[in-house]
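Examining the three-dimensional arrangement
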Amino acid sequence: QLQASGGGLVQAGGSLRLSCATSSRNYHMGWFRQAPGKEREFVAAISWGGGTTYYADSVKGRFTISRGITRSTMYLQMNSLKPEDTAIYYCAADLKYIGNSRGRYEYWGQGTLVTVSS
């Protein structure tokens, strides 16, 4: 089971940190987001051990994905936020797959809303 939190309202240029708690510490995990009227898109992914990460080009250099020491929590540190980052952010997990394909992740959490004002 996955539980995402940390969303909120922030001004452009600001920062937020999202968290996703999981009982499945040995799963690869990822963040996706869905803006109004758009498809859900890949944001970032991290391997079960935390040693491998992937990012969408749109967030490289601004967002950092990580896992806690016990690997039971995944984080997304979002800096230099832009209005186009406004979306519902979802965390996902899969035992075998790590990457940008949302259809390959078996488990999904509820979303957390991030709103970036200009």
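Check the entry above for the structure.
The present account deals with the structure reproduced in this document. This one's a predicted model, so the numbers in the text were calculated from it and none came from an experiment. (Residues numbered from 1 in each chain as written. Predicted model: local features only at pLDDT ≥ 70, side-chain atom pairs only at ≥ 80, totals over all residues. Heavy atoms only, no water.)

So, on to the overall build of the chain. Looking only at helices and strands, the chain features zero helices and 11 strands. Going from the N terminus to the C terminus, the chain shows its helices and strands as β-β-β-β-β-β-β-β-β-β-β. The C-alpha atoms of the chain give a radius of gyration of 13 Å, which matches the 13 Å a tight globule of 118 residues would have. Viewed in the frame of its principal axes, the chain has a C-alpha envelope of about 40 × 30 × 25 Å. Out of the 118 residues in the chain, the part that is buried amounts to 44%. Put simply, 56% of the contacts in the chain that link residues at least 6 apart link residues at least 24 apart. When the accessible surface of the chain is split by element, carbon and sulfur atoms take 46% of a total near 6200 Å². The distance from the centre of the 13 positive side-chain charges to the centre of the 7 negative ones in the chain is 7 Å. (Helix = DSSP H or I, 4+ residues; strand = E, 2+ residues; numbered from the N terminus. Rg over C-alpha atoms; globule rule 2.2 N^0.38 Å. Buried < 20%, exposed > 50% of the residue type's maximum accessible area, 1.4 Å probe, protein only. Contact = heavy atoms within 4.5 Å. Areas by Shrake-Rupley, 256 points an atom, 1.4 Å probe, with all protein chains shown as cover. Lys, Arg positive; Asp, Glu negative; His and termini not counted. Charge placed at Lys NZ, Arg CZ, Asp CG, Glu CD.)

Between two aromatic rings, the relevant description is the distance of the centres plus the angle of the planes. By the definition in use, this model includes six aromatic pairs. Aromatic pair Phe32 and Phe42: ring centres 5.6 Å apart, planes at 70°, arrangement edge-to-face. Of this pair, Phe32 sits in strand β4 (residues 28-34) while Phe42 sits in strand β5 (residues 41-46), and the two are 10 residues apart along the sequence. Pair check on accessibility: Phe32 and Phe42 agree, each one buried. Arranged with centres 5.4 Å apart and planes meeting at 80°, the rings of Tyr97 and Tyr105 form a pair that is edge-to-face. With respect to burial, Tyr97 and Tyr105 carry one shared label: buried. Each member of the aromatic cluster is reached from another via a ring pair, and the members are Phe32, Phe42, Tyr97, Tyr105 and Trp108. Looking at Arg40, its charged tip hangs above the ring of Tyr90, at a distance of 3.6 Å from the centre. Over the ring of Trp108 we find Arg40, and its NZ or CZ is 5.0 Å from the ring centre. (Phe/Tyr/Trp six-rings, centres within 6.5 Å; stacked < 30°, edge-to-face > 60°. Lys NZ or Arg CZ within 6 Å of the ring centre and 35° of its normal.)

What follows concerns the sheet that holds strand β7 (residues 63-67). With respect to topology, four strands assemble into an open sheet ordered β1-β3-β8-β7, the strand pairing being antiparallel. Of all the strands in the sheet, the pair left with one neighbour each is β1 (2-5) and β7. For this sheet, the mean angle separating the axes of adjacent strands, direction not counted, is 15°. Alignment of β7 against strand β8 (residues 73-78), held across five bridges, turns out to be antiparallel. Each bridged residue has a counterpart across the sheet, and for Phe63 the counterpart in β8 is Met78. (Pairing = 2+ DSSP bridges. Axes fitted to C-alpha atoms, helices over the stretch in contact; angles between N-to-C directions.)

Attention now moves to the environment of Cys91. Relative to the helices and strands, Cys91 is located in strand β9 (residues 87-94). Owing to a relative accessible area of 0%, Cys91 belongs among the buried residues under this scheme. Remark: the alpha-carbon pair of Cys91 and Phe32, spanning 59 residues in sequence, is separated by 6.3 Å. Those residues in contact with Cys91, other than ones at most four positions away along the chain, are Leu2, Ala4, Cys20, Gly30, Trp31, Met74, Tyr107, Trp108 and Gly109.

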